[in-house]
Amino acid sequence: MKSAVIVFPGSNREGDVARALQIVSGVKPALVWHADTALPAGTDLVVLPGGFSYGDYLRCGAIAARAAIMDAVREHAARGGLVLGICNGFQILCESGLLPGVLVRNARLRFICREALLKVERNDTPFTRRYAKGAVVRYPVAHGEGNYTADADTLKRLEDEGRVVFRYVLPDGRRDDAQVLNGAANSIAGIVSEKLNVLGLMPHPENHVDPLVGPTDGRALFESLVGALEKA
């Protein structure tokens with residue numbers, strides 16, 4: 001799997017996700033600077049990492065969505081290439097039009113740094129094939145603007161088309177929108193594009209990969225990507 005991690009001014013999780021990709025795939029990813037205009041030849045997967053791109057000025061991800069490299073990312077996605085946006089990367093995907101909706105301030109206006117429980121709503125995407133459908137997994141979250149918001153028609157379309165891939169849940173696996181940690185509509189933690197090749201999620205699977213540092217619930221996401229590309 002040949003992957004490229006995009007680095008923006010203010011990114012701070014590019015090293016974490018690069019390490020996770022190398023651990024799982026055995027191949028060191030390329031780090032691509034935001035001002036570049038092309039991805040490395042043969043790129044299979046593009047990752048937009050977490051952080052605070054451009055200091056979160058204007059809106060989170062709004063400036064990064066207009067970076068020079070994003071035209072190449074959009075072209076990659078249009079060809080069916082895989083794109084993964086984590087935390088700030090999810091915000092950038094929404095701001096760039098690759099995913100619908102927007103991430104706004106958390107409902108209680110506080111930065112949240114903790115572990116979250118997520119339900120895997122479907123396991124037939126390139127990102128979730130190594131999970132059981134309905135599995136409850138634990139990923140860390142660290143964000144101040146993780147409140148996924150969209151208009152009623154968009155939310156209905158996402159639900160009707162089965163494009164909510166990860167959802168915040170309670171310890172018993174139940175969804176409770178009134179208790180969702182950041183106020184996200186429909187308890188949405190991650191969504192996928194119409195063609196299932198672009199995933200954005202607020203939690204950080206890359207930090208739950210190595211057993212030396214804790215749980216490994218995030219490892220299956222990266223294993224799913226490797227498996228999907230091997231099958232392709």
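Residue numbers run consecutively from 1 along every chain, following the written order of its sequence. Note on the predicted model: pLDDT of at least 70 is required for a residue's local features to be given, and 80 or more for side-chain atom pairs to be given and counted; whole-chain, interface and lining totals, by contrast, use all residues. As a rule here, side-chain values cover all heavy atoms of the structure and leave hydrogens and water aside.

The protein chain goes by Phosphoribosylformylglycinamidine synthase subunit PurQ in an unreviewed UniProt entry, where it is assigned to Ancylobacter koreensis. The Subunit (unreviewed entry) field of the UniProt record for the protein chain holds the comment "Part of the FGAM synthase complex composed of 1 PurL, 1 PurQ and 2 PurS subunits." UniProt positions are given in the numbering used here, feature names are shortened, and annotations may be inferred rather than shown by experiment.

Engineer: Looking at this model, I keep getting lost on the pattern of salt bridges. Mind explaining?
Structural biologist: Close approach of charged atoms lets side chains of opposite charge pair. Here, a salt bridge means any Lys or Arg side-chain nitrogen found within 4 Å of an Asp or Glu carboxyl oxygen. Throughout the structure, instances matching the rule amount to 14 salt bridges. Where Asp 210 meets Arg 19, a salt bridge forms, and the shortest distance between an N and an O atom there is 2.8 Å. One end of the pair, Asp 210, is in the loop between strand 11 (198-201) and helix 5 (219-231); the other, Arg 19, is in helix 1 (residues 14-25), and 191 residues separate them in sequence. Relative accessibility decides the category of a residue: with a 1.4 Å probe and only protein chains considered, values under 20% of the type maximum give buried, values over 50% give exposed, and everything between is partly exposed. We classify Asp 210 as buried; its relative accessible area is 11%. Using a relative accessible area of 46% as the deciding quantity, one classes Arg 19 as partly exposed. In this structure, Glu 159 engages Arg 167 in a salt bridge whose closest nitrogen and oxygen atoms are separated by 3.0 Å. Strands here mean DSSP runs of E at least two residues long; helices mean DSSP runs of H or I at least four residues long; both are numbered from the N terminus.

Engineer: Just to check I follow, could you spell out the packing of aromatic side chains for this structure?
Structural biologist: The relation between two aromatic rings is expressed through the spacing of the ring centres and the mutual angle of the planes. The pairing test for Phe, Tyr and Trp rings, Trp by its six-membered ring, is centres within 6.5 Å, and the orientation test on the planes gives stacked under 30 degrees, edge-to-face over 60, and tilted for anything in between. Under the definition given, this model contains three aromatic pairs. Plain terms: the ring middles of Phe 90 and Tyr 148 are 6.0 Å apart, the flat faces sit at 10° to each other, and that makes the pair stacked. Of this pair, Phe 90 sits in helix 3 (residues 88-95) while Tyr 148 sits in strand 8 (residues 147-149); the two residues are 58 residues apart in sequence, bridging distant segments of the chain. Overall, the relative accessible area of 0% leaves Phe 90 in the buried class. Between Tyr 139 and Phe 166, the aromatic rings sit 5.8 Å apart at their centres with planes inclined by 50°, giving tilted as the arrangement. Of this pair, Tyr 139 sits in strand 7 (residues 136-143) while Phe 166 sits in strand 9 (residues 164-168), and the two are 27 residues apart along the sequence. With a relative accessible area of 0%, Phe 166 lands in the buried category. These aromatic residues form a ring-pair network of at least three members: Tyr 131, Tyr 139 and Phe 166.

Engineer: Explain unusual backbone geometry to me, please; I cannot follow it from the model alone.
Structural biologist: A negative phi angle is the norm for most residues apart from glycine, just as the trans form is the norm for most peptide bonds. One non-glycine residue with positive phi stands out, namely Ser 187, at about 60°. The topology assignment puts Ser 187 in the loop between strand 9 and strand 10 (188-192). The phi torsion at Leu 196 lies on the positive side, around 65°, for a residue other than glycine. Note on placement: Leu 196 falls in the loop between strand 10 and strand 11.

Engineer: Can you walk me through the side chain of Glu 145 in this structure?
Structural biologist: When you line up the elements, Glu 145 lands in the loop between strand 7 and strand 8. On the basis of relative accessible area, Glu 145 is assigned to the buried category, the value being 18%. In protein, a polar contact means a hydrogen-donor-capable atom and an acceptor-capable atom, both N or O and within 3.5 Å, with residues adjacent in sequence counting only if both atoms are side-chain atoms; elsewhere, any N or O pair within 3.5 Å suffices. Only 3.3 Å separates the side chain of Glu 145 from the side chain of Arg 105, close enough to count as a polar contact. In what follows, a contact means two residues having at least one pair of non-hydrogen atoms within 4.5 Å. Look past the residues within four positions of Glu 145 in its chain and what remains in contact with it is Asp 56, Cys 60, Gln 91, Leu 103, Val 104, Arg 105, Asn 106 and Met 202.

Engineer: Can you help me understand the sheet that holds strand 4 (residues 82-86) in this one?
Structural biologist: Note on sheets: strands pair through backbone hydrogen bonds, and any given pair is parallel or antiparallel. Overall, mixed pairing links the nine strands, which are arranged 2-1-3-4-11-10-9-6-7 in an open sheet. If you trace the sheet from one side to the other, it starts and ends with strand 2 (30-33) and strand 7, each paired once. Direction aside, the axes of adjacent strands within the sheet are offset by 25° on average. Two strands qualify as a pair provided DSSP detects at least 2 bridges between them. Pairing of strand 10 with strand 11, which is carried by three bridges, proceeds in the antiparallel orientation. In the sheet register, Val 192 faces strand 11, and the bridge partner there is Leu 199. Packed onto the sheet, helix 1 meets strand 1 (3-7), strand 2, strand 3 (45-48) and strand 4 and runs at close to 175° relative to strand 1. Angles here are taken between N-to-C directions and fall from 0 to 180 degrees, while the axes themselves are lines fitted to C-alpha atoms, restricted in helices to the stretch in contact.

Engineer: In this structure, what is going on with the environment of Ala 78? I would like to understand it.
Structural biologist: Positionally, Ala 78 belongs in helix 2 (residues 70-78). The exposure class assigned to Ala 78 is exposed, which follows from its relative accessible area of 57%. C-alpha of Ala 78 to C-alpha of Arg 66: the two residues are 12 residues apart in sequence and 17 Å apart in space.

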